[in-house]
Amino acid sequence: MRQTGILMPVSSLPSRTGIGELGEAAFRWIDMMQKSGVGIWQILPLNPVGYGNSPYQPYSSYAGDELYISLDELCKEGLLEQQPEAFRENARRVDYDAVRAFKLPYLKRAWQTFREKGLDETEEFRSFADQEWVRDYSVFRALKTSNGGACWNDWRRADKNWVEEPRKLTQEERGEAAFQTFLQYVFFRQWMQVKQAANDRGIRVMGDVPFYVGLDSADVWGGKDNFLLDTDGRPVFIAGVPPDYFSETGQRWGNPIYDWDHMKKEGYRFWLERIGYSGKLFDIVRIDHFRAFDTYWKIPATCPTAVEGDWIEAPGYEVLDLLTKELPDVELVAEDLGELRPEVLTLKDHYHLKGMKILVFSIDVSGKYARDINGDRENMIFYTGTHDNDTVMEWYGKLSCASRRKVRRFLRKAGCGNGSVKDRLLAYTLKSRAQYAIVPMQDILGLGAEGHMNSPGTVGPPNWEWHLPSFEKAQQELGKYRKLLAYRR
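Treat the numbers as computed from the prediction; the structure is a model and nothing was measured.

Undergrad: Looking at this structure, I do not really get the pattern of salt bridges. What am I missing?
TA: A side chain of one charge can pair with a side chain of the opposite charge if their charged atoms are brought near each other. Counted by the stated rule, this structure contains 37 salt bridges. Between Lys264 and Glu318 there is a salt bridge, with its nearest N and O atoms 3.4 Å apart. Placement of Lys264 in helix α9 (residues 260-265) and of Glu318 in helix α11 (residues 316-326) is noted, with a sequence separation of 54 residues between them. For Glu318, a relative accessible area of 35% translates into the label partly exposed. Connected through shared salt-bridge partners, Asp65, Glu66, Arg100 and Arg141 make up one network.

Here it is, written out as structure tokens:
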């Protein structure tokens, strides 16, 4: 079935606390999508943001960031006495540190009430807490706090090797670990309520699973043998991509490289459990940097850029054979952008996975006439853009006058000649043959550079900070495109 989707990060939803939450605004957003005929809500990773506030460098590939917990929902449950005051209401950027500092006292108060009511002794809570990933993550966060917030490979040796040789936690560490367990329990419950609301309205959620995990994470600390690390827990090789259209020196991500030989001996348990859990959280699982299942760029950790490195073959068929066999109900889609060797597409097509096409990378204006160089296929996802590139109007604004004329002529010949340029670009995307056509919310709103979400190869502000101050304009624009968005259902 052909469907329309909107890419809208949870962090960007309007709220009273400066960052999107799993509360009233999320449910209102779902209602708005349903009324507009949208069938897919795509989000960015929900994991606890790490270095540079990037959701692609998280402290865990299982846990959710407590920033997204709705304080108002905690109030409704009786875990907070009164509705929290507004903080950075109507903000246009997310100030992660400020929001975290504001929310923490409320979350601790809710945890205290939770214990006073004896809810930490319920079977539901204990069952959740007994999961291996919950236990490891909670201890990881507790030890990270007791080590001054440092990356785990700079911790005291006993803490660095706690998983292999557990020591008895101090009373303070046990308290922090219990608090972190509570946060994950609340996050999971709130998220599943949001997901259920979307599903009840005929909307599927597409989650984003990065191929790699963050170095400073419970995944690496708790599973060192899965990665190529030295005896101090430091990466010998790191991940990234060589120079491309995003960066002349490539992208040096810094994520540790997998030890595929060890993973094979373990029956690729790491991947099976990780994707299996993601399949509980999301209806569709988008694998970011899918090409690394075919070949991955292996950079010596001593290199300051991503220019030096080697392409190494990965056991993609072995891993995907296992995933598709053991997790038949999980719909996987592949982020297959960038310069790829043909084998990547062969791998993707072998499992009938949908790949991606980006409008701003597909319209070529170098010739006499503009043309779509990537064709139009059914088994793919067509985007105007993603979180990593210019908004569609930012892209159009950077074109020369002559190139803009070529684009307008191209759209007219494609049967999309009515309305503003934004209207026509969206119409071209949404009317394609692709099974899924997805538009970032910034493009629905017609934003320029102010809507740019992330610039690959850079770290820190303003990356990941775009925030919708209110739903007023969003509701107007969605109403404008209702017929077009519902065209595919």
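Still more ground to cover, so stick around.
Undergrad: Would you mind going over the packing of aromatic side chains with me for this structure?
TA: Within a pair of aromatic rings, the relevant descriptors are the distance that separates the centres and the angle that separates the planes. Tallied over the full model, the rule gives 44 aromatic pairs. Between Phe128 and Phe188 the ring centres are 5.7 Å apart and the planes differ by 40 degrees, which places this aromatic pair in the tilted class. One end of the pair, Phe128, is in helix α4 (residues 123-129); the other, Phe188, is in helix α7 (residues 171-200), with 60 residues separating them in the sequence. A relative accessible area of 7% places Phe128 in the buried class.

Undergrad: Quick question: what am I supposed to make of the sheet that holds strand β5 (residues 251-256) here?
TA: Pairing between the strands of a sheet comes from backbone hydrogen bonds, and it takes one of two forms, parallel or antiparallel. An order of β5-β4-β7-β8 is seen for the 4 strands of this open sheet, with the pairing classed as antiparallel. Bordering the open sheet on either side are β5 and β8 (310-313), each of which pairs with just one other strand. Taken pair by pair, the neighbouring strands of this sheet meet at an average axis angle of 45 degrees, ignoring direction. Looking at chain direction, strand β4 (residues 237-241) and strand β7 (residues 295-300) are connected through 2 bridges and run antiparallel. Bridged to Phe237 within β7 is Pro300.

Undergrad: Even after reading the chapter, I still don't get the sheet that holds strand β10 (residues 355-358), so can you show me in this structure?
TA: Read across the open sheet, the 8 strands follow the order β9-β6-β3-β2-β1-β14-β13-β10; overall the sheet is parallel. The strands lining the two open edges of the sheet, one partner per strand, are β9 (331-334) and β10. For this sheet the average axis-to-axis angle between neighbouring strands, irrespective of direction, equals 25 degrees. Alignment of strand β3 (residues 204-210) against strand β6 (residues 284-288), held across 5 bridges, turns out to be parallel. Its bridge partner being in β6, Met206 is matched across the sheet by Ile284.

Undergrad: Explain the layout of surface pockets here, please?
TA: Once rolled over the atoms, a probe with the size of a water molecule shows which space is left empty. In this model, the second largest pocket occupies a volume close to 580 Å³. Taken together, 22 residues make up the lining of the second largest pocket; nearest its centre are Glu132, Gly222, Gly223, Asn226 and Arg269. For the lining of the second largest pocket, the secondary-structure elements that each account for two or more residues are α5 (132-146), α8 (218-221), α9 and α10 (269-281). Examining the composition of the lining of the second largest pocket, we find that 4 residues originate from one element, α5, more than from any other. Class assignment for the residues of the lining of the second largest pocket results in 8 nonpolar, 5 polar and 9 charged.

Undergrad: Looking at this structure, I do not really get the side chain of Ser217. What am I missing?
TA: With respect to the element layout, Ser217 can be found in the loop between β3 and α8. Taking relative accessible area as the criterion, Ser217 reaches 0% and is therefore assigned buried. For Ser217, the side chain forms a polar contact with the main-chain oxygen of Gly214, separated by 2.6 Å. Setting aside its immediate chain neighbours within four residues, Ser217 contacts Pro58, Tyr59, Ser60, Phe140 and Trp152.

Undergrad: In this structure, what is going on with the pairing of strand β1 (residues 3-7)? I would like to understand it.
TA: For β1, a buried count of 5 out of 5 residues is recorded, marking the element as mostly surrounded by other parts of the structure. In β1, alternate side chains face the same way, and those of Gln3, Gly5 and Leu7 on one face and Thr4 and Ile6 on the other are all buried. One ladder, built from 5 bridges, connects β1 with strand β14 (residues 436-440); its direction is parallel. If you follow Gly5 over to β14, its bridge partner there is Ile438.

What counts and how
Residues numbered from 1 in each chain as written. Predicted model: local features only at pLDDT ≥ 70, side-chain atom pairs only at ≥ 80, totals over all residues. Heavy atoms only, no water. Salt bridge = Lys/Arg side-chain N within 4 Å of Asp/Glu carboxyl O. Helix = DSSP H or I, 4+ residues; strand = E, 2+ residues; numbered from the N terminus. Buried < 20%, exposed > 50% of the residue type's maximum accessible area, 1.4 Å probe, protein only. Phe/Tyr/Trp six-rings, centres within 6.5 Å; stacked < 30°, edge-to-face > 60°. Pairing = 2+ DSSP bridges. Axes fitted to C-alpha atoms, helices over the stretch in contact; angles between N-to-C directions. 1 Å grid on protein atoms, 1.4 Å probe; cavity = no way out; pocket = protein on both sides within 12 Å on 5 of 7 lines; lining within 4 Å. Points joined across faces, edges and corners; volume = space filled by probe spheres on them. Nonpolar A, V, L, I, M, F, W, Y, C, P; charged D, E, K, R; others polar. Polar contact = N/O pair within 3.5 Å; in protein donor to acceptor, adjacent residues only side chain to side chain. Contact = heavy atoms within 4.5 Å.

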